[in-house]
Amino acid sequence: MKTSQIRSAFLEFFRSKGHTIVPSSSLVPSNDPTLLFTNSGMVQFKNVFLGSEKLKFVRAADVQRCLRAGGKHNDLDSVGYTARHHTFFEMLGNWSFGDYFKREAIAWAWEFLTGVLKLEKDRLWVTVYHTDDEAYAIWNEEIGVPAARIVRIGDNKGAPFASDNFWQMADTGPCGPCTEIFYDHGADIAGGPPGSPDEDGDRYIEIWNLVFMQFDRAADGTLTPLPAPCVDTGMGLERLAAVLQHVHSNYEIDLFQRLIGEAARLTHTGDLENKSLRVIADHIRACAFLIVDGVLPSNEGRGYVLRRIIRRALRHGWMLGQKRPFFHAMVPVLVEVMGDAYVELTEKRELVESALRKEEERFGETLENGMRLLESALKEDTQYVGTASSSSRVVPGKIAFTLYDTYGFPVDLTADIARERGWTVDMAGFEAEMGQQRERARSASQFDSKATLPAELASALPPTNFLGYEMLDADGVEVLA
Ligand code: ATP
Ligand code: MG
Ligand code: MG
Ligand code: MG
């Protein structure tokens, strides 16, 4: 089944269960200034769950474009390392706004996966929240999933990579237990079942998360049952496509194969398994859709996330030996594979191409020299670092700062390159350099502008934004001697 057919099959199934099909909202949330990006399907319904917005329907389904590359959800560092993580991905979702609850949500998920898509039942595992006996009983007694494949999962607060089966929108407000559905890709792949110590492997892959919003959490932590509980589900389209296309990794599905093939062509790479091709294929989707949704490369906020992703992609192209602009040339194939599902992509295609091209030309001027500096630092080892505690395989903060300030290397790009060689970056040292830079900019701006203004006018001025990087990286002037 092709990715495009899975989208339609999902929507058709939930339409037949009385759901209203709604369009995907933008990657830039319109209802929440505190949220960097739309990172799940529920974002556009947040105010419905909070009770401040009413819709004409109580059941909805959609395919939502999502980005997890900044803020609370950040999978950027997993891209190229796991089989299942992207920055940009599509989430299939169905919702009940005070209408159906656990029984129907679970039964329909099972019917869609095993009845419509015909997944092998024995390969599906489920998790429930450890105290959610109701969900456990539905899975076990009504659906017939054997106890051996149902795992009770706790909060695991803070434990890296551990499953967390209690969902909350924020510190207060709607929250509740989850149940998740996993697919076992087979014994030849490393990784343990959900809840086990090696669950972060890629053998058992989480495909669908069903959240049951049933409590309202007060500031003191007490949970009050909601008068009308809601359901919020999300399933990764690419992960489901991998299962249906009998491949293990998301990067092997039809849509990605087309993008990877194009990246290989544009970078003259023969080995289609090359990790850099996967990263480029992932990043072109994120970057193109961010631009479609009104974000342009800049030095702060969302624009800086975009710039960071573009520059990472360019560095991967550079590693493959492609030193000329190529990234924007991925756009036609992207439009070919995703333009039908997202008309806005087709409409804004030229803008996307030109914005990417501009950024490519800009970074192309400093990438080569920055790489040279970094390469020498990665050889020097202890030389730049004075303290005993950070004596080996650490890129000094001062180098990371020069790369950032002079060569336009976002620090996470430097860290990513370092990580490939088993090195880390002295982040504290980098932050210290940044602090000094800000201090210098502040005193310079006070001297330049505010000093000549009357005191009451000067204090009314907004703080001056640091623009040094923006101005310097274009012409490559080195500020640090
Ligand atoms: P994981 O534990 O694998 O990181 P998650 O629990 O963080 O996934 P959810 O927040 O539950 O994911 O999102 C709902 C669904 O969206 C997941 O079950 C998965 O199918 C999909 N999904 C989540 N993150 C990604 C991603 N970075 N790339 C692709 N699909 C994703
Ligand atoms: Mg995750
Ligand atoms: Mg998970
Ligand atoms: Mg989950």
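Structure shown above.
Residues numbered from 1 in each chain as written. Chains lettered and ligands numbered in written order. Predicted model: local features only at pLDDT ≥ 70, side-chain atom pairs only at ≥ 80, totals over all residues. Heavy atoms only, no water.

K.L.:
Would you take a moment to explain the site of ligand 1 for this structure?
P.N.:
Near ligand 1, the surroundings consist of 15 residues, among which Asp 75, His 85, Glu 206, Asn 209 and Gly 236 are the closest. Within the backbone of His 86, an N or O atom sits 2.9 Å from a nitrogen atom of ligand 1. A distance of 3.0 Å separates an oxygen atom of ligand 1 from a polar atom in the backbone of Ile 207. Looking at the shell around ligand 1, the element that brings in the most residues is strand β10 (residues 204-217), giving four residues. Partitioned by chemical class, the residues of the shell around ligand 1 number four nonpolar, five polar and six charged. (Near = heavy atom within 4 Å. Polar contact = N/O pair within 3.5 Å; in protein donor to acceptor, adjacent residues only side chain to side chain. Helix = DSSP H or I, 4+ residues; strand = E, 2+ residues; numbered from the N terminus. Nonpolar A, V, L, I, M, F, W, Y, C, P; charged D, E, K, R; others polar.)

K.L.:
Mind showing me how you'd approach the coordination of the magnesium ion (ligand 4) here?
P.N.:
Put simply, a metal with four donors set out as a tetrahedron has ideal angles of 109.5 degrees, and one with six donors set out as an octahedron has ideal angles of 90 or 180 degrees. Those donors, Glu 180 (OE), Glu 206 (OE) and Asn 209 (ND2), are the protein atoms that reach the magnesium ion (ligand 4), and they lie 2.0 to 2.7 Å from it. Summarised as a motif, the one-chain spacing of the donors to the magnesium ion (ligand 4) is E-x25-E-x2-N. Between the magnesium ion (ligand 4) and the magnesium ion (ligand 3), both coordinated by Glu 206, there is a metal-metal distance of 3.3 Å. Taken as a pair, Glu 180 in strand β9 (residues 173-184) and Asn 209 in strand β10 lie far apart in primary sequence, 29 residues in all. Here the two residues Glu 180 and Asn 209 agree in accessibility, since each one is buried. (Donors = N, O, S within 2.8 Å, 3.2 Å for Na, K, Ca; no water. Buried < 20%, exposed > 50% of the residue type's maximum accessible area, 1.4 Å probe, protein only.)

K.L.:
I would appreciate a short explanation of the pattern of salt bridges in the present structure.
P.N.:
It is possible for side chains bearing opposite charge to pair when their charged atoms get close. Applying the stated criterion across every chain yields a total of 34 salt bridges. Each member of the salt-bridge network shares a partner with another, and the members are Asp 77, Lys 275, Arg 308, Arg 312, Arg 315, Asp 412, Asp 416 and Glu 420. (Salt bridge = Lys/Arg side-chain N within 4 Å of Asp/Glu carboxyl O.)

Purely geometric stuff here, so don't read any function into it on its own.
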